[in-house]
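# Structural characterization, general
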Amino acid sequence: MQTNLADFIRDTRDGIDADAILRKCVHCGFCTATCPTYQLSGDELEGPRGRIYLIKQVLEGRPATDKTQAHLDHCLTCRNCESTCPSGVQYGRLADIGRRVVEQQVPRPAGQRLLRTVLKETLPRRWLFKPSMKAGQLVRPLLPQALKDKVPVPKNAGTWPRTQHARKMLFLEGCVQPAMSPNINAATARVFDAVGVQLMAASRAGCCGAIRWHMNDADGGRADMRRNIDAWWPYLEQGVDTILINASGCGAMIKEYGHALADDPAYAEKAARVSAAAKDVSEVLPAFEAQLREKLGTRAGAQRVAYHPPCTLQHGQQIRGKVEGLLRVAGVDVQLCADSHLCCGSAGTYSVLHKNVARQLRDDKLAKLQATRPERIVSANIGCITHLQSGTDVPVEHWIELLDRALA
């Protein structure tokens, strides 16, 4: 693709990145076949190829419109198109750049601005989100369905192991997960305790930055990244070599720290090291398969489970097959549904901002998951888990909780 970027962006970091990404696109259209919003609408501008043209036009100087903004907003950033693209177009990075430029050019209506401000200022702050979630759970039966879908039934937090181990790993607790499903973190700690690894959470670490970053607040996202780097750096300097993450959306973001802060002289090197140390739980546990088998012993009564691999794991981090392998070690009959590569519609704050599309994608995904006749559904990201559970009575949980119970 030929480009002629406008002066306002040509020689900036975003402009250089965007130009390189745009020039890789060969207009083949393979991406449209795997784009959830294109599949729903059939509109070229609701697919990656069409959005790439829109971004290119804006970066070349054509003024953005509210329609431009709407088409870019409707993108789930599932990055399915990246898995499909034969040319290696990094669409996710290009979409972030394009949205930020359009955000500066097209004022949003007051209602949209308010909702987006509430989301990006509330969700990343645990001290604010946790009491809000508890209050919501207390009055959950009285809430309208749209809110009830976002307020899960309270769950037991589980116990955190106290055993000291020589092998230690850093652990990201996250911002919304401890309030929405507190047992996920405790279950992760218990599984690693069983294989001789102690998980440590840095008290000053918080939101990974994805919420603000993907809502076009790059400065706020980078501030979250720097805070986490500062919290983790003393541990990395002391020899801890892994930052363990059990929410795939957070993992995808942290692995981008090195790129996002590449121009920051104080943080570029540290950010690159943090990104290299970041590992999803499913990347690390296979190295302990022998210990898991020993601990699991004789297995009986295999459960039939449908696994929904989050987009942030299979497309964002390009990790596939590892969760299924770990669950099969535990004797679980794991099923992938038809079109398992497609998004469930959660996509971070997307299910709040674009309820109708998110609900259509959720219902389609659940129909295909439930066609496998599972006893339960498992996933690897709190957003997917909450979104899917809002549409079914089949229990939906994190796959690590299943492994934790098998060990127990």
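Residues numbered from 1 in each chain as written. Predicted model: local features only at pLDDT ≥ 70, side-chain atom pairs only at ≥ 80, totals over all residues. Heavy atoms only, no water.

## With respect to the side chain of D280
Which entries qualify depends on this criterion: Working definition: helices are DSSP H or I runs of at least four residues, strands are E runs of at least two. Numbering for both runs from the N terminus. Only protein chains enter the accessibility calculation, which uses a 1.4 Å probe; a residue is then buried when its area is under 20% of its type maximum, exposed when over 50%, and partly exposed in between. In this tally, Asp and Glu contribute negative charge and Lys and Arg positive charge; neither His nor the terminal groups of the chain are included. Salt-bridge detection follows one rule: a side-chain nitrogen of Lys or Arg within 4 Å of a carboxyl oxygen of Asp or Glu.
With respect to the helices and strands, D280 occurs in strand β4 (residues 278-280). Although D280 is buried, it makes no salt bridge; K255 carries the closest opposite charge, 6.8 Å away.

## Here's the deal with a nonpolar patch on the surface
Heads up, the condition is: Patch construction takes residues with relative accessible area above 30% that form no salt bridge. Like charges are linked within 9 Å, and nonpolar side chains (Val, Leu, Ile, Met, Phe, Trp, Tyr) are linked within 5 Å. Accessible areas in this description were obtained via Shrake-Rupley with a 1.4 Å probe; residue shielding takes into account the shown protein chains only.
Together, L138, V139 and L142 make up an exposed nonpolar region whose accessible area comes to about 360 Å². Position of L138 relative to the elements: it lies in helix α8 (residues 126-138).

## Quick word on helix α4 (residues 66-73)
An α-helical turn contains 3.6 residues, so any two residues separated by three or four positions project in the same direction. To be explicit about the condition: Between two residues, a contact is recorded if the distance between any of their heavy atoms is within 4.5 Å.
Taken together, the buried positions of α4 are occupied by T68, Q69, H71, L72 and D73. Of the surrounding elements, those touching the buried residues of α4 are α3 (48-59), α6 (91-105), α7 (110-122) and α21 (350-353).

## Brief notes about the packing of helix α20 (residues 322-329) against helix α24 (residues 399-407)
Our working rule: Axis lines are fitted through C-alpha atoms, for helices just across the contact stretch, and the angle between N-to-C directions can take any value from 0 to 180 degrees. Each angle is binned into one of four classes, with values under 35 degrees roughly parallel, values over 145 roughly antiparallel, values of 65 to 115 roughly perpendicular, and all other values oblique. Each crossing is labelled by how the near helix is turned from the far one, with a counterclockwise turn of less than a right angle marking it left-handed and a clockwise turn marking it right-handed.
For the pair α20 and α24, interaxial distance at closest approach is 10 Å and the crossing angle is 20°. In terms of axis orientation, α20 runs roughly parallel to α24. The two elements α20 and α24 meet at a crossing, and its hand is left-handed. Seen from α20, the contacting residues are V323, L326 and L327; seen from α24, they are W399, L402 and L403.

## Points about the pattern of salt bridges
One pass over the structure, following the stated rule, counts 31 salt bridges. Linking R93 and E256 is a salt bridge whose minimum nitrogen-to-oxygen distance equals 3.0 Å. Note that R93 is positioned in helix α6 and E256 in the loop between α14 (248-254) and α15 (257-260), a separation of 163 residues in sequence. For E256, a relative accessible area of 19% gives the class buried. Each member of the salt-bridge network shares a partner with another, and the members are E121, R125, R212, D224 and R227.

## Details of the environment of L45
Mapped onto the elements of the fold, L45 is located in the loop between α2 (36-41) and α3. Take L45: its relative accessible area is 31%, and that puts it in the partly exposed class. Placed 27 residues apart in sequence, L45 and L72 show a C-alpha to C-alpha distance of 8.7 Å. In this view, L45 contacts G50, R51, L54 and H71; residues no more than four positions away in its chain are not counted.

## Observations concerning the sheet that holds strand β2 (residues 197-200)
In a beta sheet, neighbouring strands are held together by backbone hydrogen bonds and run either parallel or antiparallel to one another. Put simply, the test is: The criterion for strand pairing is that DSSP finds at least two bridges linking the strands in question.
The strand order across the open sheet formed by four strands is β2-β1-β3-β4, and the pairing between neighbours is parallel. On the outer flanks of this sheet lie β2 and β4, each paired with one strand and no other. On average, each strand axis in the sheet is tilted by 40° relative to the strand beside it, whichever way the strands run. Pairing between strand β3 (residues 243-245) and β4: three bridges, direction parallel. Following the sheet pairing, I243 is matched in β4 by A278. On the sheet, helix α11 (residues 183-194) packs against β1 (167-171), β2 and β3 and is oriented at approximately 150° with respect to β2. Against the sheet, helix α16 (residues 268-277) engages β3 and β4, with an angle of about 20° to β4.

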